[in-house]
Each structure stands twice: as C-alpha cells, then as structure tokens.
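# Architecture at a glance
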Amino acid sequence: MNDNLIEELITIAGEDWVIQDLEKIEGYLHDETPEPASPEATEDVVVVKPEDSEEISAVMKLANERGVKVVPRGAGTGLCGAAIPTEPSIVLSLERLSEIIDLDEDNLMVTCEAGVTLESLFEEIDETDHLFFPPHPGDEGAQVGGLVVENAGGARAVKYGVMRNYVKGMKVVLPSGERLALGGKILKNNTGYDLMHLLMGSEGTLGIITEVTLRLYPEANETATLLVPFEDRGSAMSAVPRVLMEGHVPLALEYVERELIEESAAHLGKSWPAEEGEAFLILIITGKDEEEIFDKSETMVGVLEENGALEPLFAQRRKEQESILDIRSNIYTALEEETTDILDVTVPPAEVGNLIDRIEDLGEEYETEIPVYGHAADGNVHPHIMKVDGKAPDYFEELKEEIYQIALDMGGVITGEHGVGETRLKNLPMALSEEERKLMQGIKEAFDPNNVLNPNRAIG
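Everything numeric here is computed off the predicted structure, so don't read it as measured data.

Right, let's get into the packing of aromatic side chains. The geometry of an aromatic ring pair is captured by two quantities: the separation of the ring centres and the angle between the planes. One pass over the structure, following the stated rule, counts eight aromatic pairs. Ring centres 5.8 Å apart and planes at 80° place the aromatic pair phenylalanine 132 and tyrosine 160 in the edge-to-face group. Here phenylalanine 132, found in strand β7 (residues 131-132), pairs with tyrosine 160, found in helix α6 (residues 157-160); they are 28 residues apart in sequence, far enough to count as distant. Judged by centre distance (5.5 Å) and plane angle (40°), the ring pair of phenylalanine 294 and phenylalanine 314 falls under tilted.

Structure follows, in structure tokens:
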C-alpha cells in the first residue's frame, strides 16, 4: 500500500477512517473460521471505513484503476475465510453504513444499510409488536450485507427459508465503481435476468451491497419449545419426515445428542433438562394463541411417540425456552477451542440419519471423535473435525474430503450455509463440473474484469 494510494483514500473517506496501524487493524485480519483451517492474512493492508455508497464508489474506482485488491467486510462472523485479506488489499468495512432507512408496515418491508447488525434489525422490528423477520443465522452481531452475500440460513430455514427468500431490493456498487439499484418493494419481477439473485451468495466477489430491502412477516403471538428425547439416533431421524408430513411445520427442528449437548450446557454453567434419552429433537412451535400452540404440539407429540419418542418436555415460559435454545446455540462455542474446522454439508433431509451414521463410521476409522449436530428438517448438519495435540491432524484434508464425498454421493452439497470462501476452494472440483465452474468464472469476469474485488473466493 503505497503512500500515494493512502493519500487518495484519505481524500475520499477522511483521515479518521483510513487505518494502517497494525494494532488497530488486527481485528480485520481474521473472521470466525477456526484457526487451523483459516487462511493466513497479510499485514500489508489498509482498512477504509466509508460513510456511504458515494465514498464506496470512489474507493472502487480508485482500486479498479490501480489494480488494487479490495476485500469487503461486514462483522467478520463468517466461517470460511471469505473476508480475510491474503494479499495486499484495501479492506473495505461496511460498519458505518448502520442506518435503518425505512420500516414500511403497510408493505411488510424494511430497508436498511448493509452495516446494520441483525440485533439492531430485530430490535427495530420488535417495536412494531406485530412484525417478524424470520431468519436467524446465529450471531446477532452479523451485518445484513454479510448475511445477504453469504445467503445465510440457520435453524429457522425449515419453515421460512434462507436470506435469499427475503431480499426484495438492494443497492450495490460494482467493482468499476458504478452503482445499481435492483428490485424494490415488489413481490414479482420478471424483467430480464435476475442480477439481484446473482449477488446473493456471491461472497462479496461481484459487488458491494450497500442497502437492502427485506420482506417481513406477521409475528406469531405465541411460541413453545418441545424437547423430545429418543433412545437412539435412528428413531429420532425417522420421526422427522413424519412430523413434516402432518403439515404443522415447526419454526425450527434441530437434532442433538446427549454427550454433545451436555458439554455445551456445562460450558454455559447450565444443566440439560432431559434426564432420559440419548438423541433429541428440539422443535419450536408457533401459533396465534395458546390453544393453537397446544393443538399443534399435541399432534406433533402423537406422531413423535408413534416413532419411538420418550416423554417430551414442553417449555412455554420464555426463560425455559431461551435456556434450551441457548444450550443448543452454544455447541460451537463449547467446541471451538478444540476444533480444526466446522463443516456444513447438506443432504436430502431423509438422508440425515444415514449421513451421521457414515460420519460416525469415519470417526472409528480415523480413531477420532467427529461431533455432529444440525438442522434435521432441512438436511444441513455440522460435523467438527477436531484437533489432535492442539493442532490440525495430519489427516484433516483427507477426512474432510471423505465427508464431502459421502454427502455428494447422497445427492447433497459440500456447503449449505457457510459458503466456499477460501477454505473450500480446493474442494470445488468435487462438487461442481468444469462447465459449471467456467460459467461462474464468466459471470465473475463480466462483473469484475480486472479481478479486484475479493479475488480467489467462492469460485476461485
């Protein structure tokens, strides 16, 4: 990063918002990817924090003219190394774009800047008392723009879908610095190719999203959590499609096993409330009132018991529900220190039990524990490859490929939530044909002919 470039960036964004001091930029050199799997960052970086899309446009025009790489960055909550600068780069942080522009209750839409956090978005929508933004990918510190470019999912995807299902409009700055406005407060649009959907899940390689319009839903008045124990994994997983076929799709349907969930509970200083069973389904039920909640729960319990469920626990009080979900949500944090990498393979939902069985067999073959948990109803599970003696095992890459191959053989994919980033690039030829990769490279070249925006991510 030469002095002339720095001076021009200061002219664009102001001296206070162009940062080179290593101590101050350290937090921009990594994300939440487990350290053994994470790409190594360069320190030849300048962090720029633009105020608006006009400044972002000016930065991109400068970078495009000079051939300088730009890494767009949200909150750094990703798990695939997509926002880590690995070569001399401008790290373009969206954190100052933090305004909620318009909460349109009549159209059930909210428009906000890309740097708005999920927590801030929830707080704003909660004030309406009757609207709801369903996706909850996990970390509420994540920024909206990052959630869109990663097409984030989470536990609620089984009923309401992923981020792609909610984005109705966006404003974006292209690598050339040109600005586009795509979509809007509309539910149907067949006008030409859908450029907006190309940007969703693009991992910051095609453009920098600066503003997003999201669809909202009416809020359910009541929720309850069913914690359902089973003697074994097979019984639990065979019950999942039976529940869904009843027509009462829960807000979330999660699968965990006793050893893992008790480790998470201990990590939080809590106790897992289920005394019996070795495998558990966690269902979040929503309804307009208590009567509907009880009716849905009774139907689901009947189906679950027909498929081998033991005595379920019914949590309706907010504190009880939050405790169960907090324990489930913190499995990753409980395992983080000993994790080499967390995968997010996805298979057809009916194959989840078989997938976990096969991963367990691999654990025995490699003489290692592979903790697995996940979103039972949408087929997305999270196997952890664990450290050995505090570092990545020699068989890490080999084991990862074997897990990926099992998922692919079942008609699945190698990543259902986290994205490719840099950490999965080498595995893409397993999952995508040469023709698919060529088409994706052609799209990248059309948007970014000089390859300045987040290169070597998502598609290579």
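Below, the discussion takes up a negative patch on the surface. Together, Glu32, Glu119, Glu123, Glu124, Asp126, Glu127, Asp129, Asp139, Glu140 and Glu219 make up a region of like negative charge exposed at the surface. Considering the arrangement of structural elements, one finds glutamate 124 in helix α4 (residues 118-126).

Next up on the list: the side chain of glutamate 55. Along the polypeptide, glutamate 55 turns up in helix α3 (residues 53-66). Arginine 96 provides the closest opposite charge to the buried, salt-bridge-free glutamate 55, at an N-O distance of 4.4 Å. For glutamate 55, the residues in contact, after removing those within four places along its chain, are Ile12, Ala13, Pro50 and Arg96.

For the rest of this paragraph, the subject is the pattern of salt bridges. When charged atoms on two side chains of opposite charge get close, those side chains can pair. In this structure the tally under the stated criterion is 22 salt bridges. Ionic pairing is found between glutamate 292 and lysine 288, a salt bridge with its closest N-O pair at 3.5 Å. A salt bridge links arginine 318 to glutamate 322; its shortest N-O distance comes to 3.0 Å. Of this pair, arginine 318 and glutamate 322 both sit in helix α11 (residues 318-329), four residues apart, which is roughly one turn of the helix.

Glancing now at the sheet that holds strand β5 (residues 100-104). The five strands lie next to each other as β5-β6-β10-β8-β9, forming an open sheet whose pairing is antiparallel. Both outer strands of the open sheet, β5 and β9 (179-183), are each paired with one neighbouring strand and no more. Neighbour-to-neighbour, the strand axes of the sheet open up by a mean angle of 10°, direction not taken into account. Bridge count between strand β8 (residues 167-173) and β9: five bridges; the pairing is antiparallel. Residue glycine 169 lies in a different strand from β9, and its bridge partner there is glycine 183. Sitting on the sheet, α4 touches β5, β6 (109-113) and β10 (208-215), and the angle it makes with β5 is about 35°.

What follows covers the nonpolar core. Of all hydrophobic cores here, the largest spans 48 residues; its most connected members are Phe230, Leu281, Leu283 and Leu304. Those elements that place two or more of their residues in this core are β12 (222-230), α8 (233-245), β13 (252-257), β14 (279-287), α10 (290-306), α13 (352-366), β18 (380-386) and α14 (396-409). A per-element tally of this core places α14 first, with seven residues. Among residues more than four places away in sequence, those in contact with phenylalanine 230 are Ser235, Ala236, Ala239, Gly277, Glu278, Ala279, Leu281, Leu304, Asn307, Gly308, Ala309 and Leu310.

So, on to the layout of surface pockets. Of the volumes computed, that of the second largest pocket is approximately 720 Å³. Lining the second largest pocket are 30 residues; nearest its centre among them are Gly201, Glu203, Val420, Met440 and Ala458. Sort the elements by how many residues they give to the lining of the second largest pocket and helix α16 (residues 434-447) lands first, with three residues. Split by residue class, the lining of the second largest pocket holds 16 nonpolar, nine polar and five charged.

Residues Val45 and Val47 point to one face of strand β2 (residues 45-48) and Val46 and Val48 to the other, with burial holding for every one of them. With two bridges connecting them, strand β1 (residues 18-19) and β2 associate as antiparallel partners. Pairing of valine 18 across the sheet is with valine 48, part of β2. In this sheet, strand β4 (residues 89-93) lies alongside β2 in parallel orientation, the contact comprising four bridges.

Pairing is mixed across the open sheet formed by four strands, whose spatial order is β1-β2-β4-β3. The open sheet is flanked by β1 and β3 (69-73), the only strands paired with a single partner.

This part covers the pairing of strand β17 (residues 372-375). With two bridges connecting them, β13 and β17 associate as antiparallel partners. Opposite glutamate 254, over in β17, you have histidine 375 as the bridge partner. By the bridge criterion, four bridges tie β17 to β18 in an arrangement that is antiparallel. Note on β18: the bridge partner recorded for glycine 374 is valine 381.

Next up on the list: empty space enclosed by the protein. In the structure shown here, the tally under the stated rule is one cavity of 30 Å³ or more. Of the voids in this model, the largest cavity is the one considered here, and its volume is about 30 Å³. As for the largest cavity, its lining consists of Lys69, Val71, Thr86, Glu87, Ser89, Pro455 and Arg457. The class makeup of the residues in the lining of the largest cavity is two nonpolar, two polar and three charged.

Attention now moves to α8. By the burial criterion, the buried members of α8 are Arg233, Ser235, Ala236, Met237, Ala239, Val240 and Val243. Buried residues in α8 make contact with β12, β13, β14, α10 and α13. Between a side-chain oxygen at the N-terminus of α8 and the backbone nitrogen of glycine 234 the separation is 3.2 Å; the capping residue is aspartate 232. Following α8 by one or two positions, glycine 247 has its phi on the positive side, about 95°.

Before going further, it helps to spend a moment on the packing of α13 against α14. It is the contact of α13 with α14, at a shortest axis distance of 10 Å, that shows an interaxial angle of 155°. Here α14 runs roughly antiparallel to α13, going by the angle between their axes. Relative to α14, the crossing made by α13 is right-handed. The residues of α14 that touch α13, namely those facing Leu355, Arg358, Ile359, Leu362, Glu365 and Tyr366, are Glu398, Leu399, Glu402, Ile403, Ile406 and Ala407.

What counts and how
- Residues numbered from 1 in each chain as written.
- Predicted model: local features only at pLDDT ≥ 70, side-chain atom pairs only at ≥ 80, totals over all residues.
- Heavy atoms only, no water.
- Phe/Tyr/Trp six-rings, centres within 6.5 Å; stacked < 30°, edge-to-face > 60°.
- Helix = DSSP H or I, 4+ residues; strand = E, 2+ residues; numbered from the N terminus.
- Patch = residues over 30% accessible without salt bridge, like charges linked within 9 Å, V, L, I, M, F, W, Y side chains within 5 Å.
- Areas by Shrake-Rupley, 256 points an atom, 1.4 Å probe, with all protein chains shown as cover.
- Salt bridge = Lys/Arg side-chain N within 4 Å of Asp/Glu carboxyl O.
- Lys, Arg positive; Asp, Glu negative; His and termini not counted.
- Charge placed at Lys NZ, Arg CZ, Asp CG, Glu CD.
- Buried < 20%, exposed > 50% of the residue type's maximum accessible area, 1.4 Å probe, protein only.
- Contact = heavy atoms within 4.5 Å.
- Pairing = 2+ DSSP bridges.
- Axes fitted to C-alpha atoms, helices over the stretch in contact; angles between N-to-C directions.
- Core = buried A, V, L, I, M, F, W, Y, C linked by side-chain atoms within 4.5 Å.
- 1 Å grid on protein atoms, 1.4 Å probe; cavity = no way out; pocket = protein on both sides within 12 Å on 5 of 7 lines; lining within 4 Å.
- Points joined across faces, edges and corners; volume = space filled by probe spheres on them.
- Nonpolar A, V, L, I, M, F, W, Y, C, P; charged D, E, K, R; others polar.
- Polar contact = N/O pair within 3.5 Å; in protein donor to acceptor, adjacent residues only side chain to side chain.
- Parallel < 35°, antiparallel > 145°, perpendicular 65-115°, else oblique.
- Left-handed = near helix turned anticlockwise from the far one by under 90°.

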